[in-house]
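Geometric and topological summary
Each chain is listed here by its residues.
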Amino acid sequence: MSGDRPTLPPVRLNSEAELARDALSAPLLARAVRLARWAGPETRVGAGGELVEEQLPAAAAELGLADDQDGAAYASEAWRVAVDTGLVDIEDAEGGDEDAEGTASAGDNLAVLTTGSPQDVLAIWADAFDVVFADATAPMIDDFADLVGEDGEIDFERLEWDPEEEAEFLEGVLGNLYLLTVSEGGTAEGPVPLPALAASMIVPDDMGEPTDDILEQVSDAMMRLDDQFRLLEPIGLVEYEPVDEALMAEVGDEPAPPVDDEDVSRYGMVRLTPLGLYGVRARMLEAGVDAPAVGDLAGKGADALLDGIAFFPEVSARAETEQWLSRREPAEAAGELLAAARGGDAGGPLRRLHCQQALALTGAAAEPAVREVLPDPELGGLARVWLAERGAPDVPPPSETMIFWLAIDTIAAQLAVEGDLEELQDLVEGLVGRHSGFFDSAWRVDHPATADVLEAMGRLHPDKSTAKEARKAAFKARSRA
C-alpha cells in the first residue's frame, strides 16, 4: 500500500487523439510543417542547418508572412523547429568547409505527422516544445558587440547567465502554473495573473509584507516571463494575454503593481492549454515528479486502484473509479474490490471506504460477490450497507460487534483523509447519539485504530462530558492493547 500522498492532484487530460490534433494546429509546428514541405534541392542552408539570409524572404512568403516585418524571424524560428524535430534533413556541403552551404530535404518525421499514431505526433510536438523551451531560457542579448573581447571571441561570462539556473526557474514557473491549474475537477477555470505567478517564485512563503527588493525582483521576473510566454504560446503550450505596453511610461520602465482586480489583467494573464497540461506533466514525469492523471489506474488491479485514489479529490476519485469499472464485468470488479479492501494495516479503513464508494457505482450483477463477504468481520458491515441501500431482500442484521467495528473503521477512514471538520463532527455526534453507552462498548472493539479514533472523538465532540468519556475510553483501549 502506498501511504504517501501524491505530490500533485490528479489531472484530467484530453484523449491522445484530441491532444495530437491540438499539436498539429499549434501555429509554430504548423509553420515548421509547411517549411518542411517547401524544402527542396534548391533550399540553401548554413553550416548549422539554418536558412541562409537570402532564403528567408522566400520562406516567409511560403508562410504568408511576406508583408510582416517579423516574417523573416518567424520563418527562421519555424525552420529551426523543423530541423530539430526531424521534419527536415540537412545535407552538409561536400568537403566539410564550415563556410560552405548545405542543402535540405523533407525528413522522415514529416510523413510520421500524417501516418503515425497520436503518440508519434505528440512525441514530435514534445521535441518542438524542447526547442522553444531552450529559446525561452536563452540569454537576452541586445548587442553582441558589447560581448566581444580583445581576442575577438564572445565572452559569455559577461552575460552573467547560468543556463541551468534559468531552465530551473522556468521549470518551476510551469510547475506552479500546473499546480494552480489542476483542481478538484481536473482542470481549473480562468487564467492566472502574471504578477501572482511571478510572486509564487520570488516571495518566501513565510514573508508578510514584501520588501522593496522583493517587489523589484517580482517585477523583473514578470518582464522575463512576459517574453518567455510570448515564445511559448505559438507552440500551443499556453494561452497568453501579454503585459499591456501602455503601462510602460517609456522604454525600459517597469510597471507599478496593479491596484485592483480589473487592473490586474493588464499585467499579463496566462493559462495552460490542454496540450500544455500534457506537455508540462510529461516533463514532470521525466524529472521523477509524482504527477498522476485520471485514467492511470484503469488497467491495474483493484489494490492499485484503492491505494492510488486514497487521497484523490472526490471528483477525481470517482472519475478514476468509473474508468476502472468500465473495463470489467460488475461481478468480477466487485470481487476484486472486496478482496483488495481487506487488511488491518493503517491504510485499510481508507481502502474500505473507497471500496464502498466504488461498489455504489456497480449494478445488481455485483450482488453475489457482495453477499459472499457477509460473514467477513472486516467487510460484512459495508456489504450489509450496500445491500440495504439497494433494497435487497434477506439481509441478515449485523451483530453489535460488527456495528461498532464498522463505526470505528468509518471514522478512521475519515480521519485519514482529513475531510470536512464539520461533517466529521456530525458523524461523531450521530454515532454517539444513536448508541447509548457507545464508549462502554467501543473501547473493546478489536480494530487497530480503536484508540486513535476514540481519542479523536474526544477532540471532536462538542459536549465536554461526552468528550471526557471518549478520552477515558481511548485510555482503556490503549491499556487493553
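Before reading further, recall that the structure is shown in the block above.
Let me sum up the structure you'll find in this document. (Residues numbered from 1 in each chain as written. Predicted model: local features only at pLDDT ≥ 70, side-chain atom pairs only at ≥ 80, totals over all residues. Heavy atoms only, no water.)

**Quick notes on the pattern of salt bridges**
In plain terms, the rule: What counts as a salt bridge is simple: a side-chain nitrogen of Lys or Arg found within 4 Å of a carboxyl oxygen of Asp or Glu. Put simply, DSSP marks the helices as runs of H or I at least four residues long and the strands as runs of E at least two long, and each gets a number from the N terminus on. Three labels apply to residues, based on accessible area from a 1.4 Å probe with only protein chains included: buried if under 20% of the type maximum, exposed if over 50%, partly exposed otherwise in between.
Across all of its chains, the model carries 19 salt bridges by this definition. The salt bridge partner of arginine 352 is aspartate 409, with a shortest N-O separation of 2.8 Å. A residue pair is termed long-range when its members are at least 10 positions apart, and arginine 352 in helix α15 (residues 348–359) and aspartate 409 in helix α18 (residues 400–417) qualify at 57 residues. Neither arginine 352 nor aspartate 409 differs from the other in exposure class; each is buried.

**Focus on the sheet that holds strand β3 (residues 102–106)**
The criterion, for reference: Paired strands are those between which DSSP finds at least two bridges. Should any heavy atoms of two residues lie within 4.5 Å, those residues are considered in contact. Between N-to-C directions, angles cover 0 to 180 degrees, with each direction set by a line fitted to C-alpha atoms, over the stretch in contact for helices.
The strand order β1-β3-β2 describes an open sheet built from three strands, whose pairing is antiparallel. In this open sheet, the two strands that pair with only one neighbour each are β1 (44–45) and β2 (88–91). Bridging between β2 and β3 involves four bridges; their strand directions are antiparallel. Bridge pairing links aspartate 89 to serine 105 in β3. Contacting β1, β2 and β3, helix α4 (residues 71–84) runs over the sheet at an angle of about 85 degrees to β2.

**A short note on the environment of arginine 318**
Structurally, arginine 318 can be placed in helix α13 (residues 314–326). Measuring from C-alpha to C-alpha, the distance between arginine 318 and leucine 361 comes to 9.0 Å, with 43 residues separating the pair along the chain.

**Notes on the environment of serine 326**
For clarity, the cut-off: Here a polar contact means two N or O atoms within 3.5 Å. Within protein one must be a hydrogen donor candidate and the other an acceptor candidate, and residues neighboring in sequence count only if both atoms are side-chain atoms.
In this structure, serine 326 sits in helix α13. C-alpha of serine 326 to C-alpha of threonine 362: the two residues are 36 residues apart in sequence and 9.9 Å apart in space. In terms of polar contacts, serine 326 uses its side chain to reach the backbone carbonyl oxygen of glutamine 323, at 2.7 Å.

**Some points on the packing of aromatic side chains**
Quick note on the threshold: Planes of paired rings set the category: under 30 degrees apart is stacked, over 60 is edge-to-face and the rest tilted, where pairs are Phe, Tyr or Trp rings (Trp by its six-membered ring) whose centres lie within 6.5 Å. By definition here, charges over rings are those cases where NZ of Lys or CZ of Arg is within 6 Å of the ring centre and within 35 degrees of the ring normal.
In total, this model carries six aromatic pairs according to the counting rule given. Residues phenylalanine 404 and phenylalanine 438 carry aromatic rings whose centres are separated by 5.3 Å and whose planes lie at 40 degrees to one another, so their mutual orientation is tilted. You can see phenylalanine 404 sitting in helix α18 and its partner phenylalanine 438 sitting in helix α20 (residues 438–442), a full 34 residues away along the chain. The same class applies to phenylalanine 404 as to phenylalanine 438, namely buried. A network of ring pairs unites the aromatic residues Trp125, Phe129 and Phe133 as a single cluster. Sitting over the ring of phenylalanine 129, arginine 283 keeps its end group 5.0 Å from the ring centre. Directly above the ring of phenylalanine 133 sits arginine 283, whose terminal nitrogen or CZ lies 4.2 Å from the centroid.

**Things to note about the nonpolar core**
Quick note on the threshold: Put simply, a nonpolar core is a bunch of buried Ala, Val, Leu, Ile, Met, Phe, Trp, Tyr and Cys residues held in one set by side-chain atoms that sit within 4.5 Å of each other.
Residues Leu87, Leu174, Tyr178, Phe229, Leu237 and Val238 are the most contacted members of the largest nonpolar core, which totals 73 residues. Non-local contacts of tyrosine 178, meaning those with residues more than four positions away in its chain, are made with Leu8, Val11, Leu272, Leu277, Val280, Arg281, Met284, Ala291 and Pro292. Counting residues in hydrophobic clusters, the runner-up holds 29 residues, among them Leu297, Ala302, Ala358 and Ala392.

**Here's the deal with the packing of helix α6 (residues 118–136) against helix α9 (residues 212–232)**
What counts here: Any angle that falls under 35 degrees is termed roughly parallel, while one over 145 is termed roughly antiparallel, one within 65 to 115 roughly perpendicular, and all others oblique. Helix crossings fall into two classes, left-handed where the near helix is turned counterclockwise from the far one by less than a right angle and right-handed where it is turned clockwise.
At a minimum axis distance of 9 Å, the contact between α6 and α9 shows a crossing angle of 155 degrees. Judged on the interaxial angle alone, α9 and α6 are roughly antiparallel. In terms of crossing hand, the pair formed by α6 and α9 is right-handed. Two secondary-structure elements touch here, α6 through Phe129, Val132, Asp135 and Ala136 and α9 through Arg224, Gln228, Leu231 and Leu232.

**Remarks on the sheet that holds strand β6 (residues 267–272)**
In space, the three strands of this open sheet follow the order β4-β6-β5, with antiparallel pairing throughout. Of all strands in the sheet, those bounded by a partner on one side alone are β4 (192–193) and β5 (238–243). Both β4 and β6 contribute to a ladder of two bridges, which runs antiparallel. Counted as the bridge partner of proline 193 is methionine 269 from β6.

**Topic: the side chain of histidine 354**
Topologically, histidine 354 is positioned in helix α15. Once you skip the residues sitting within four places of it in the chain, histidine 354 turns out to touch Leu306, Ile309, Ala310 and Ala317.

**Some remarks on the side chain of threonine 85**
By secondary structure assignment, the location of threonine 85 is in the loop between α4 and β2. Accessibility expressed as a relative area gives 2% for threonine 85, which makes it buried. A polar side-chain atom of threonine 85 sits 2.7 Å from the main-chain carbonyl oxygen of valine 81. If near-sequence neighbours (up to four positions away) are discounted, threonine 85 is found in contact with Asn109, Ile124, Asp127 and Ala128.

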